[in-house]
Amino acid sequence: MPLSHPIRAYLLVFTLDRQRYALRLDRVQRVVRAAAVTPLPKAPEVVLGILDLGGQVVPVINLRRRFRLPERELRSDDQFVVAKAGALTVALAVDAAGEVLEEGELELVPPESVVAGTAFLEGVAATREGLLLIHDLESLLFPSEERQLSQALAEGGG
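These lines cover the structure that appears in this document, whether it is placed above or below. Since this is a predicted model, take the numbers as computed values, not measurements.

Conventions we followed
- Residues numbered from 1 in each chain as written.
- Predicted model: local features only at pLDDT ≥ 70, side-chain atom pairs only at ≥ 80, totals over all residues.
- Heavy atoms only, no water.
- Helix = DSSP H or I, 4+ residues; strand = E, 2+ residues; numbered from the N terminus.
- Contact = heavy atoms within 4.5 Å.
- Areas by Shrake-Rupley, 256 points an atom, 1.4 Å probe, with all protein chains shown as cover.
- Pairing = 2+ DSSP bridges.
- Axes fitted to C-alpha atoms, helices over the stretch in contact; angles between N-to-C directions.
- Salt bridge = Lys/Arg side-chain N within 4 Å of Asp/Glu carboxyl O.
- Buried < 20%, exposed > 50% of the residue type's maximum accessible area, 1.4 Å probe, protein only.
- Phe/Tyr/Trp six-rings, centres within 6.5 Å; stacked < 30°, edge-to-face > 60°.

1. Some words on the overall build of the chain
- Looking only at helices and strands, one finds two helices and eleven strands in the chain.
- Reading the chain from its N end, one meets helices and strands in the order β-β-β-β-β-α-β-β-β-β-β-β-α.
- The long-range share in the chain, meaning contacts at least 24 apart out of those at least 6 apart in sequence, stands at 58%.
- In the form shown here, the chain has an accessible surface area of approximately 9,000 Å², with 51% of it arising from carbon and sulfur atoms.

As structure tokens, then:
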């Protein structure tokens, strides 16, 4: 009889404007240092532009704008989290990323029980460092934004 092993889920923690967020690690491809972004005409407002990652054109998402945080210019020590958001591979502009947590070690609560406006959240975890907002990449882009972005990429970005 085969032994049953629980599936372990891991989260990549990142910071944005001194708040801690997380993404499911299985959606993340890599973390890279922020680089110059090329503007993409006709892209949704949430898109900073595009980035060439080893020959792959990747849209860069402005999470500050998406989460209604104060805007600021990209800094040389910022990072991009390259991940799958729906059908697209995107780079998420973050202040810093790197810590990996095992989901099983966290006490998760439904997002609507903690904060309002939870459209992009799949959970919230209480940690020693404070609340950790776990984002759902499937809902990061609205369907209309995903269509607009795909069209803008086809027309001018790759």
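2. Let's talk about the sheet that holds strand β8 (residues 96-102)
- Here we have six strands laid out as an open sheet, ordered β8-β1-β2-β11-β10-β9, and mixed in their pairing. Across the chains shown, the open sheet's two edge strands, defined by having one partner strand only, are β8 and β9 (107-109). Strand-to-strand, the axes of this sheet are offset by a mean angle of 35°, without reference to chain direction.
- Sheet analysis places strand β1 (residues 10-16) next to strand β2 (residues 19-24), joined by six bridges and oriented antiparallel. Looking across to β2, one finds that Val13 is bridged to Ala22.

3. A few points about the sheet that holds strand β6 (residues 79-85)
- Reading across from one edge, β3-β6-β7-β5-β4 is the order of the five strands in this open sheet, with mixed pairing throughout. Of all strands in the sheet, those with a lone pairing partner are β3 (28-33) and β4 (47-53), marking the two edges. The sheet shows a mean angle of 30° between the axes of neighbouring strands, direction not considered.

4. Description of the pattern of salt bridges
- Counted under the stated rule, the structure contains eleven salt bridges.
- Linking Glu138 and Arg27 is a salt bridge whose minimum nitrogen-to-oxygen distance equals 2.4 Å. You can see Glu138 sitting in the loop between β11 (130-135) and α2 (143-157) and its partner Arg27 sitting in the loop between β2 and β3, a full 111 residues away along the chain.
- On the accessibility criterion, Glu138 (45% relative accessible area) is partly exposed.
- We classify Arg27 as partly exposed; its relative accessible area is 25%.
- Between Asp95 and Arg72 there is a salt bridge, and its shortest N-O distance comes to 2.6 Å. Residue Asp95 is found in the loop between β7 (88-94) and β8, and its partner Arg72 is found in the loop between α1 (63-66) and β6; the two are separated by 23 residues along the sequence.
- The buried category is assigned to Asp95, whose relative accessible area is 18%.
- Several salt bridges converge on common partners, so that one network encompasses Asp17, Arg64, Arg72, Asp78 and Asp95.

5. Observations regarding the packing of aromatic side chains
- All chains considered together, the criterion is met by two aromatic pairs.
- Arranged with centres 5.5 Å apart and planes meeting at 20°, the rings of Phe14 and Tyr21 form a pair that is stacked. Of the two residues examined, Phe14 and Tyr21, each falls in the buried class.
- Ring centres 5.4 Å apart and planes at 25° place the aromatic pair Tyr21 and Phe67 in the stacked group. Here Phe67 lies in the loop between α1 and β6 and Tyr21 lies in strand β2, a separation of 46 residues in the sequence.

6. Considerations on unusual backbone geometry
- In the Ramachandran plot, Asp17 falls in the positive-phi region, its phi being about 55° despite a non-glycine side chain.
- Here Asp17 lies in the loop between β1 and β2.
- Within the chain, Arg68 stands out as a residue other than glycine whose phi angle is a positive 60°.
- Tracing the sequence through the fold places Arg68 in the loop between α1 and β6.

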